Amino acid sequence: MTAAGAAGTAAAARTAAPAPASAAAAQAYAVAPGASAEVALKVNGQLHRIVLEPRVTLLDTLRERLGLTGTKKGCDRGECGACTVLADGERVKSCLTLAVMRQGAEITTVEGLARGEELHPVQEAFIRHDAFQCGACTPGQIMSAVACIDEGHAGSEAEIREWMSGNLCRCAAYQNIVAAVADAAKEVRR
C-alpha cells in the first residue's frame, strides 16, 4: 500500500466512524426486533398516539389503524402518487414513508381538506372540471395539487404538468386535472 493510499484509507475510516453524539442518538431510537414503538401523529388536526411496529408505513397507519381510507394504495412502490398526503405542509408518498419517521408531524389527508360541508377550492375545481374518472388516483392528485398551488408552481399549464408529474392517472384525465389545478390556483390567490 502506498503512503497516499494509507492516508486515504485512514481519512475514510475517520469520516465513516460515527461521532459519539450521533451514536447515542441512534441508540436512543433503536427498537429491538419484533418490538413496537409509540408514534404521535397529528392527523387532520387531531392528535393520535399509536403503538405499532417500526416497519409500518404511514399509508398503512392511516388506512388500517386510523380508518382514513381516502388515501389510496396504488402501486405501493412510490411510483403512482395515489397515496400522496401532506406532512408538515410538504407532499409525501405515504407508502414510502414509515410512520415512525413522521413522529410529531402534522399530517393532512384528503379527508382533512374540507371545512365541514365546505369543500377545499381544489376539491371544488376537480368536481367542476370532471378531473377524475375511476377515482383511484383522485385523493393523491388533489393533495399534490394543494401542495403545487401552495408551493407557487401553478403559473402555467407546463409548470402544473411538471410539478404534478409524480401523480399518475390510469384514465388519462390529465387535461381536466391541469385545468382544475389552474382554476383552483386562481381561487386560492383571491
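These figures come from a predicted structure and were not determined experimentally. (Residues numbered from 1 in each chain as written. Predicted model: local features only at pLDDT ≥ 70, side-chain atom pairs only at ≥ 80, totals over all residues. Heavy atoms only, no water.)

Draft legend 1. Highlighting the pairing of strand β2 (residues 46–52). Inspection of the sheet shows strand β1 (residues 37–43) paired to β2 by seven bridges, in the antiparallel sense. The residue bridging V39 from the neighbouring strand is I50, located in β2. Linking β1 to β2, which pair antiparallel, is a turn of two residues; within it N44 sits at a positive phi near 50°. (Pairing = 2+ DSSP bridges. Helix = DSSP H or I, 4+ residues; strand = E, 2+ residues; numbered from the N terminus.)

Draft legend 2. Region of interest: the packing of helix α5 (residues 138–150) against helix α7 (residues 174–189). Contact geometry of α5 with α7 gives a least axis separation of 10 Å together with a crossing angle of 45°. Here α7 runs oblique to α5, going by the angle between their axes. The way α5 lies across α7 gives a crossing that is right-handed. Contacts between α5 and α7 involve Q141, A145 and I149 on the former and, on the latter, I177, V181, A184, A185 and V188. (Axes fitted to C-alpha atoms, helices over the stretch in contact; angles between N-to-C directions. Parallel < 35°, antiparallel > 145°, perpendicular 65-115°, else oblique. Left-handed = near helix turned anticlockwise from the far one by under 90°. Contact = heavy atoms within 4.5 Å.)

Draft legend 3. Quick look at the sheet that holds strand β4 (residues 90–93). The strand order across the open sheet formed by five strands is β2-β1-β5-β3-β4, and the pairing between neighbours is mixed. The open sheet has two edge strands, β2 and β4, and neither has a second partner. Each strand of the sheet is rotated relative to its neighbour by a mean of 40°, with strand direction disregarded. As paired elements, β1 and strand β5 (residues 106–108) share two bridges and run parallel to each other. When the sheet's bridge partners are listed, V43 is paired in β5 with I107. Sitting on the sheet, helix α3 (residues 58–65) touches β1, β2, β3 (84–87) and β5, and the angle it makes with β2 is about 105°. Against the sheet, α5 touches β3, β4 and β5, its axis set at about 40° to β3.

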